[in-house]
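A closer look at the structure
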Amino acid sequence: MVIGRSRQGKSFIGNCFAGSEEIDPFLTAEGIKGCTDEITSRLFRNVEIPDTKETIDLTYTDTPGFPDFDPETKSYENSVGYYTKIVEYINKNRPDAIIWVINTTSRNPEDEGMNKTFSLLIKDFKKTGIYCAVLVNNQGSKRSFKRKVEREKTKVQIQNHIKGYGIENFTDGDHIYYSYYEDLLKVEVLRIVLRAQDREVLDVKEARTFEKIEADYAKGFDSATATKHCQESLNSKIDSIKYDIGWHKKRIQTCTTVMQADTVSGFLIGFGLAITTFGLSHTGMILAREDSRLKLVTLEGEKTMYESQSIDSEDVLRHAKEEFEEFCGILTALKQDVTDLRKRYSLLCD
Ligand SMILES: Nc1nc2c(ncn2[C@@H]2O[C@H](COP(=O)(O)OP(=O)(O)OP(=O)(O)O)[C@@H](O)[C@H]2O)c(=O)[nH]1
Ligand SMILES: [Mg+2]
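This write-up is about the structure you can find in this document.

The rules behind each value
- Residues numbered from 1 in each chain as written.
- Chains lettered and ligands numbered in written order.
- Predicted model: local features only at pLDDT ≥ 70, side-chain atom pairs only at ≥ 80, totals over all residues.
- Helix = DSSP H or I, 4+ residues; strand = E, 2+ residues; numbered from the N terminus.
- Buried ≥ 20, exposed ≤ 12 C-beta atoms within 10 Å, placed from the backbone.
- Contact = placed C-beta atoms within 7 Å.
- Expected span 1.5 Å × (residues − 1).
- Arc of directions from axis to C-beta.
- Core = buried A, V, L, I, M, F, W, Y, C linked by C-beta atoms within 7 Å.
- Domains from an automatic or database assignment.
- Pairing = 2+ DSSP bridges.
- Axes fitted to C-alpha atoms, helices over the stretch in contact; angles between N-to-C directions.
- Parallel < 35°, antiparallel > 145°, perpendicular 65-115°, else oblique.
- Left-handed = near helix turned anticlockwise from the far one by under 90°.
- Nonpolar A, V, L, I, M, F, W, Y, C, P; charged D, E, K, R; others polar.
- Near = placed C-beta within 6 Å.

As for the overall build of the chain
When helices and strands are tallied, the chain shows 13 helices and six strands. When each of the 350 residues of the chain is scored for burial, the buried share is 32%. Expressed as a percentage of contacts within the chain between residues at least 6 apart in sequence, the contacts between residues at least 24 apart total 76%.

Structure, rendered in structure tokens:
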């Protein structure tokens, strides 16, 4: 499932999976006004994973963009409704992955604020246990990115460009995928899907609608609930790190097995995960293994740190305040009045 603000290329990316002779399954449009207004899914059968003999069936779910300003009605009025629809869809269908699409070619002054709001919004999605990733849609020309050095240079530029968006809030480590030019969009989506399918989620949770969150706050501060939320938030961080550790360990193992085999081709089937990472070559496997080894060190450190954290009443209050302020921030960005909510939840705001 792809989500994100309007005009980022969510529908365009879905169309990349359709055959060249097919009519585009998802509606796209130029201009500044949002285009998609319904959640639509399309099943693509036998999608080939590049450089392997594998194929997968992939259901691509396109969603309306939000939060965004509607220049015609001069309002943000659709945003809350779209969010609710997306949350309901996620809870009912549980997609393997939620992909936040960011287009780096549009650079408006309001981008930073909007994207910050977005990174807070989907923080809640992470708690569902569904794999969340960022897909950077750079739209560049293939010719400019033939050389690795060009891609690395652009990656740094993109990283600087999106630094203020609070992306690290929801995606630490290696969950940002870069598509430098449009031919790469499909493979980057496949990489995300393959990684997502590898997760075994034990603790399935529902994403909350704004209505539900607001109703929770309207009840006032309750220390037992707040403690539960604080603990859950910590657990969700630890779980996420554990999944990553498991994935990297598996990747190291897979690369080692493939490299030790006399004939690489015999081992390719079933190993799309390693192969779609750094390509098929021996050097690619070594790079992938090194990459995972380095990331494991950081992840193990983070895991130890979070696991040794114990929660006291001050932590609970701080966490509850933070969550409430984030929620008010989101609603304010969507131009909803939060004065009343603040009053009702006054204990925390004082
Ligand atoms: N050539 C090219 N055009 C792109 C790319 N990404 C987006 N576009 C164009 O940008 C415009 C907006 O893309 P859409 O796919 O409609 O954007 P969206 O995120 O679905 O927007 P909403 O439906 O409003 O939420 C369309 O004209 C697309 O053709 C890309 O990678 N390459
Ligand atoms: Mg669209």
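Next comes the rest of the write-up.
Looking at helix 2 (residues 78–93)
Along its 16 residues, helix 2 runs 22 Å from first to last C-alpha, staying within 8% of the 22 Å computed at 1.5 Å per residue. Asn 78, Ser 79, Tyr 82, Tyr 83, Ile 86, Val 87 and Ile 90 are the residues of helix 2 that are buried. Looking down the long axis of helix 2, one finds its buried residues gathered within 165° of arc, a one-sided arrangement. Among the structural elements, strand 1 (2–3), helix 3 (111–121), helix 4 (123–126) and helix 7 (210–218) are those in contact with the buried residues of helix 2. One or two residues past the end of helix 2 sits Arg 94, with phi positive at roughly 35°.

Things to note about the nonpolar core
Among the nonpolar cores identified, the biggest contains 51 residues, and Ala 97, Ile 98, Ile 99, Ala 133 and Leu 135 are the most heavily contacted of them. Both domains that meet at this core, namely domain 1 (2–197) and domain 2 (213–350), each give it at least three residues.

Observations regarding the pairing of strand 3 (residues 55–62)
Pairing geometry for strand 2 (residues 40–48) and strand 3, over seven bridges, is antiparallel. Within strand 3, the residue paired with Phe 44 across the bridge is Leu 58. Between the antiparallel neighbours strand 2 and strand 3 lie six residues, among them Asp 51 with a positive phi of about 70°.

A short note on the packing of helix 3 against helix 11 (residues 313–333)
Across the interface, helix 3 lies against helix 11 with an axial gap of 10 Å and an inter-helix angle of 135°. Put simply, helix 3 runs oblique to helix 11. For the pair helix 3 and helix 11, the crossing hand works out as left-handed. Along the contact surface, helix 3 presents Gly 113, Thr 117, Leu 120 and Leu 121, while helix 11 presents Glu 326, Gly 329, Ile 330 and Ala 333. Along the lines of polarity and charge, the residues of the contact of helix 3 with helix 11 split into four nonpolar, three polar and one charged.

Some points on the environment of His 175
Position of His 175 among the secondary structure elements: in the loop between helix 5 (148–162) and strand 6 (176–181). Classification of His 175 by C-beta neighbours within 10 Å gives buried; the count is 20. Sequence spacing of His 175 and Ala 133 is 42 residues, and the spatial spacing of their C-alpha atoms is 5.2 Å. Among residues more than four places away in sequence, those in contact with His 175 are Ala 133 and Val 134.

What to know about the site of ligand 1
Within the structure, ligand 1 sits among 18 residues, and Gly 9, Phe 12, Thr 28, Thr 36 and Gly 65 are positioned closest to it. When contributions to the shell around ligand 1 are tallied by element, the ones reaching two or more residues are helix 1 (10–15) and strand 5 (131–140). The element that contributes the greatest number of residues to the shell around ligand 1 is helix 1, accounting for three residues. Considering only residue class, the shell around ligand 1 consists of four nonpolar, ten polar and four charged.

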